[in-house]
Amino acid sequence: MDLRIFTEPQQGATYDTLLTVAKATEELGFDAFFRSDHYLHMGEVDGLPGPTDAWITLAGLARETKRIRLGTLMTAGTFRLPGVLAIQVAQVDQMSGGRIEFGLGAGWYEDEHKAYGIPFPKEKIGRLEEQLAIVTGLWQTKLGDTFDFHGTYYDLTDSPALPKPAQQRIPVLIGGQGATRTPKLAARYADEFNMPFGSVEDSEQQFGRVRAAAEAAGRADELTYSNALVVCVGKDDQEVARRAAAIGREVDELKANGLAGSPAEVVDKIGRYAEIGSRRIYLQILDLADLDHLELISSEVQSQLS
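Attention in this report is confined to the structure presented alongside it. (Residues numbered from 1 in each chain as written. Predicted model: local features only at pLDDT ≥ 70, side-chain atom pairs only at ≥ 80, totals over all residues. Heavy atoms only, no water.)

Things to note about the layout of surface pockets
To locate leftover empty space, one rolls a probe as large as a water molecule over the atoms. Approximately 1300 Å³ is the volume found for the largest pocket. Around the largest pocket, the lining comprises 47 residues; the ones closest to its centre are Glu8, His38, Trp108, Phe197 and Gln284. A per-element tally of the lining of the largest pocket places helix α6 (residues 181-189) first, with three residues. The residue makeup of the lining of the largest pocket, split by class, is 23 nonpolar, 17 polar and seven charged. (1 Å grid on protein atoms, 1.4 Å probe; cavity = no way out; pocket = protein on both sides within 12 Å on 5 of 7 lines; lining within 4 Å. Points joined across faces, edges and corners; volume = space filled by probe spheres on them. Helix = DSSP H or I, 4+ residues; strand = E, 2+ residues; numbered from the N terminus. Nonpolar A, V, L, I, M, F, W, Y, C, P; charged D, E, K, R; others polar.)

As structure tokens, then:
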């Protein structure tokens, strides 16, 4: 089971904060550092000092880390034109020496679009499908050839399809709880399917849908299955309660909907996800100042899963 650190910088984080967490992620032996792609905070926080851009952040981290994988859960398809996005991600992959993983979603948070003047189209899944076709198509086009795409939403003619990533194939992540279109998109384009904040039971059901779609597409054994879950671990009940309070959550709710409690409790629950086929957990860390939390997870949780 791979453990990856997943951050939500729109809730309030500078680049320097993210760099500190990314370096701790690397030093403590975690597999990867991921971040969300949002421009507006959510819930009862002020979001200060303001948002950071996902791919600018990852470009910086690409040059200041050496081992960990880097990526997004998920890049919002509404934020960037697919041709430009393909260039950005390929360049950051080069900057990292081939450590980028690319999560792409349709975009859903309408308020942040209104706040920053970003169009919020009604038909997002159709756009996402074209975006996936374009980004992966540009990367896969042979040097010297050109790429064309004529769709409903995007039109590319005689693209040189440059630059190329450092990796021969950047891993593509697709996630979500959609019952029909999402599994089909994952079966066609994804290397990994991620279930965000879902129970063991709901994850098992959705993994089954994706597996069925992948089998129908002739890719039955080609996808990795993963979960993203909030994490709150403590050496004792008091430490768990303190960490829950720091992120404005209740312990019982965190235990029901995430990974919370003692290291033994968290290892046990991760084991339940492993039993349904999850091979990777993205640990949503909401208090980015609490590096002791990462150290505890590394020493008392990750060590038991190796």
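Now that the structure is up, let's keep going.
Details of the environment of Ile247
Within the secondary structure layout, Ile247 lies in the loop between α8 (237-246) and α9 (251-257). Along the chain, Ile247 and Ile285 lie 38 residues apart, while their C-alpha atoms are 9.4 Å from each other. Among all residues touching Ile247, those that are not within four sequence positions of it are Leu254, Leu286 and Asp287. (Contact = heavy atoms within 4.5 Å.)

Details of the pattern of salt bridges
When the charged atoms of two side chains lie near each other, side chains of opposite charge can form a pair. Counted by the stated rule, this structure contains 18 salt bridges. For Arg243, the salt bridge is made with Asp290, and the minimal N-O distance between the two is 2.5 Å. Taken together, the residues span a long stretch of sequence, with Arg243 in helix α8 and Asp290 in the loop between β12 (280-285) and α11 (291-305) at a distance of 47 residues. We classify Asp290 as buried; its relative accessible area is 12%. Shared partners join several salt bridges into a network, and the residues in it are Lys235, Glu239, Arg242, Arg243 and Asp290. (Salt bridge = Lys/Arg side-chain N within 4 Å of Asp/Glu carboxyl O. Buried < 20%, exposed > 50% of the residue type's maximum accessible area, 1.4 Å probe, protein only.)

Details of the packing of helix α3 (residues 82-96) against helix α5 (residues 125-140)
It is the contact of α3 with α5, at a shortest axis distance of 9 Å, that shows an interaxial angle of 45°. Classed by the angle they form, the pair α3 and α5 counts as oblique. In the packing of α3 onto α5, the handedness of the crossing is right-handed. Across from Pro82, Gly83, Ala86, Val89 and Ala90 in α3, the residues of α5 making contact are Gln131, Ile134, Val135, Leu138 and Trp139. Across the contact of α3 with α5, the residue classes tally to eight nonpolar, two polar and no charged. (Axes fitted to C-alpha atoms, helices over the stretch in contact; angles between N-to-C directions. Parallel < 35°, antiparallel > 145°, perpendicular 65-115°, else oblique. Left-handed = near helix turned anticlockwise from the far one by under 90°.)

Don't take any of this as a statement about function, it's just geometry.
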